Amino acid sequence: MARQILHVDLNGFFVAVERARQPELRGQPLVIGGRRDGTGRVAAVSAEARSAGVYVGLRLCDAAQRCPAAHFLPGDLEAYGEVADAADAILRKAFTRVEWLSLDEAYVDAASLRSGVGGLVVATEAIQEALRDELQIAASCGIGVSKITARVASRLARPSGLLYVLPGYDRRFLAPLAIELLSGLPESLRASLISRGAETIGDLAGLSDDAVAASTDLVLWRRLASGDDDRAVVGSVCPRGVSVQATLDGAFMDAAALAGRVRELARDLASQLGTRRLLARQLTVRVVDIAQARYTGMISVTPAASSPTMLAGAAVTALHRALGWSRSVTRLSVRASSLCHGDAQPSLFAGRDLPSRCRSRAPTTRGFRELERILLAAGDRTLTRRVS
């Protein structure tokens, strides 16, 4: 089977996560980034708010004026990371090489699935169904022999379709499409091309050597626009994290009952890690109560482990750091991160259990870093409620 690349785009990811957590927000205009009177800017927006003129990067106060009925949320980076972990796990059930561009966009090397085109389409549709049923997230998917073709195809397949481009048809597929469909094309370069009359991808591919000689970037984009893209999927067999969670009915639970449920989740997590020969260096426990207040506790695991006993004990300690008293709970989750393979040498510093204010929580993708920057600029510095 020829080289095949799958591009998966989790459409409206941040809005979808918030609506999965709060179903009453479905169908309502939603703005993520801070308070309606905040000084920051919009980080994500629903289609309902977008139709009122709200867009990513708009000042929050201006967004409130354009869409007074919108619900404004500060955003929850850890919740988004947990759902991204779950999406990663769904992709890795079928494929081993996954390259995440951001929390909501990934390339997959699909050549390892040696069941022909029909099997690849069936596997992709199964991924879309699992994302929809398990995470309430719609995904558009594109398949092609190159990254550029697969990514453009997934954009055309929005919000939840699948577009397969036959091998050898890349240039014919790309040529009539608007140049705006080239994700990653710098805005200044796009404006320059349009000013020259190059409005389609085919126009870009057809530029002469003299026309592109002055710009190395333009030489690259002309080659990509012609479908000549040999970039490989640079993935990792080790995911960013693995999460398990339980949705509860909001019943009152004392500290012992909470600890018991967390132990059960930690054992389920250990089973997943053991199956994939992974070890965890850090555990995070999150609790959401009936009033939607969120509590987060973290602990380093020394040495890195996948033992049910070790992870259960560590998870209970993290729970006590998050919430040391009885509570009416609607959701519990345990997340393993800083993962390594079972035969990997643990980091020299992996075992240090630092105070919460000193622990690094740096995101692992460019998109995550950008979202964190926007959310922090919104003025709400506490994105999740933490109790030491």
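**Student:** In this structure, what is going on with the sheet that holds strand 7 (residues 139-144)? I would like to understand it.
**Tutor:** With mixed pairing, the five strands of this open sheet are ordered in space as 5-6-1-7-8. The open sheet is flanked by strand 5 (98-102) and strand 8 (162-164), the only strands paired with a single partner. Adjacent strand axes in the sheet meet at a mean angle of 15° when their direction is disregarded. With five bridges connecting them, strand 1 (residues 5-10) and strand 6 (residues 105-109) associate as antiparallel partners. When the bridges of strand 6 are listed, L6 appears paired with V108. Strands in contact with helix 6 (residues 147-156) are strand 1, strand 5, strand 6, strand 7 and strand 8; relative to strand 7, the strand with the most contacts, it is inclined by about 145°.

**Student:** What is the right way to look at the sheet that holds strand 3 (residues 44-45) in this model?
**Tutor:** Note on sheets: strands pair through backbone hydrogen bonds, and any given pair is parallel or antiparallel. Spatially, the three strands line up as an open sheet ordered 3-2-4, and their pairing is mixed. One side of each edge strand has no neighbouring strand; the edge strands of this open sheet are strand 3 and strand 4 (71-73). Summarising the sheet, strand 2 (residues 30-32) and strand 3 pair through two bridges and their orientation is antiparallel. Counted as the bridge partner of V31 is V45 from strand 3. Strands strand 2, strand 3 and strand 4 of the sheet are contacted by helix 1 (residues 13-21), whose axis makes an angle of about 110° with strand 2.

**Student:** Could you clarify how one ought to interpret the pairing of strand 12 (residues 294-305) in this entry?
**Tutor:** Consecutive residues of a regular strand have side chains that alternate between opposite faces of the sheet. In terms of burial, strand 12 is a largely internal element, ten of the twelve residues being buried. Sheet analysis places strand 11 (residues 278-289) next to strand 12, joined by eight bridges and oriented antiparallel. Note on strand 12: the bridge partner recorded for T284 is M298. In this antiparallel pair of consecutive strands, strand 11 and strand 12, the connection spans four residues, and Q292 shows a positive phi of 70°.

**Student:** Got a minute to help me understand the environment of S102 in this structure?
**Tutor:** Note on placement: S102 falls in strand 5. S102 sits in the buried class, given a relative accessible area of 9%. Sequence separation between S102 and A84 is 18 residues, and the spatial gap between their C-alpha atoms is 9.4 Å. Within the structure, S102 has its side chain in polar contact with the side chain of D104 (distance 2.6 Å).

**Student:** Whenever I open this one, the pairing of strand 11 confuses me. Can you help?
**Tutor:** Of all twelve residues in strand 11, twelve are buried; the element is thus mostly enclosed. Where strand 11 and strand 14 (residues 340-341) come together, two bridges link them in antiparallel fashion. Along strand 14, the bridge assignment pairs L278 with H341. Here eight bridges tie strand 11 to strand 13 (residues 327-337), and the two strands are oriented antiparallel to one another. Each residue of the ladder has a partner; that of D289, found in strand 13, is V329.

About the thresholds
Residues numbered from 1 in each chain as written. Predicted model: local features only at pLDDT ≥ 70, side-chain atom pairs only at ≥ 80, totals over all residues. Heavy atoms only, no water. Pairing = 2+ DSSP bridges. Helix = DSSP H or I, 4+ residues; strand = E, 2+ residues; numbered from the N terminus. Axes fitted to C-alpha atoms, helices over the stretch in contact; angles between N-to-C directions. Contact = heavy atoms within 4.5 Å. Buried < 20%, exposed > 50% of the residue type's maximum accessible area, 1.4 Å probe, protein only. Polar contact = N/O pair within 3.5 Å; in protein donor to acceptor, adjacent residues only side chain to side chain.

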